[in-house]
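Here are the chains, one letter per residue:
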Amino acid sequence: MPISLPALPYAYDALEPAIGKSTVELHHDKHHAGYVTGYNTAEGKLKEAAASGDFSSVKHWTRELAFHGAGAALHALYWNNLGPDGGGEPTGALADRIVTDFGSFEAFKKLFTAVTVAVEASGWGVLAWDPYAGRLQVMVAEKHQDLAIWGATPLLVCDVWEHAYYLGYQNLRAKYVEAWWTKVNWGDVAARYEGV
Ligand code: MN3
């Protein structure tokens, strides 16, 4: 079944001044939409291969499926992780778990920021629940699909592809990440944690 582009859960200008209207509009309507289209194209090509028995291009299309599928999933998460009334710190079970696994919210925030700013080229900073270790992990996704732990559930993601910040921050990725924290919707992140 084809996937579709989820509607942005707020207006294009809802994340200003941290993330500008033009950035959000292009990011959602062009980039995120492109991953949805790319996933559907790859899925269709693999379906054709299965039907025809011509498997000569499946290496290419499975790579495309992973790239665009992971891109579509991470962008859907990214928009829901943010909101106009974001910022501050989490409360409840998520807050307790962060203290258990990282020592304090400040220590977690410093680690997540450092890891995210340090992503090589295009990728994401990720807070994930790792069911094997039974703890939260701060991780990186290079591109969209590389360096994941299978089965770990991403809870909070920060897109550091240049398209996520270049219009507003040019090369100053760290400034964007600092502003991004002010729009994190902790209610969304906590609900995801409670669902794992
Ligand atoms: Mn993006």
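Whatever comes next refers back to the structure up there.
Here the structure is a predicted model, which means the values were calculated and not measured. (Residues numbered from 1 in each chain as written. Predicted model: local features only at pLDDT ≥ 70, side-chain atom pairs only at ≥ 80, totals over all residues. Heavy atoms only, no water.)

S.K.: Mind showing me how you'd approach the sheet that holds strand E3 (residues 153-159) here?
M.R.: The strands that make up a sheet are held in pairs by hydrogen bonds between backbone atoms, and each pair lies either parallel or antiparallel. What the three strands build is an open sheet, ordered E2-E1-E3; its pairing is antiparallel. Only two strands of the sheet have a single neighbouring strand rather than two, namely strand E2 (135-142) and E3. Adjacent strand axes in the sheet meet at a mean angle of 25 degrees when their direction is disregarded. Where strand E1 (residues 123-130) lies against E2, eight bridges are found, and the strand directions are antiparallel. Following the sheet pairing, Gly-125 is matched in E2 by Val-140. Across the sheet, helix H2 (residues 58-81) is in contact with E1, E2 and E3; its angle to E3 comes to roughly 80 degrees. Here helix H3 (residues 92-102) sits on the sheet in contact with E1 and E2, set at roughly 80 degrees to E2. (Pairing = 2+ DSSP bridges. Helix = DSSP H or I, 4+ residues; strand = E, 2+ residues; numbered from the N terminus. Axes fitted to C-alpha atoms, helices over the stretch in contact; angles between N-to-C directions. Contact = heavy atoms within 4.5 Å.)

S.K.: Got a minute to help me understand the coordination of the manganese ion in this structure?
M.R.: Tetrahedral coordination by four donors puts the ideal angle at the metal at 109.5 degrees, and octahedral coordination by six puts it at 90 or 180 degrees. The manganese ion binds to the protein through His-27 (NE2), His-75 (NE2), Asp-159 (OD) and His-163 (NE2), with metal-donor distances spanning 1.9 to 2.2 Å. Here the donor residues for the manganese ion map to a single chain with the spacing H-x47-H-x83-D-x3-H. Of this pair, His-27 sits in helix H1 (residues 21-52) while Asp-159 is found in strand E3, placing the two residues 132 residues apart along the sequence. Just as His-27 is buried, Asp-159 falls in that class too. (Donors = N, O, S within 2.8 Å, 3.2 Å for Na, K, Ca; no water. Buried < 20%, exposed > 50% of the residue type's maximum accessible area, 1.4 Å probe, protein only.)

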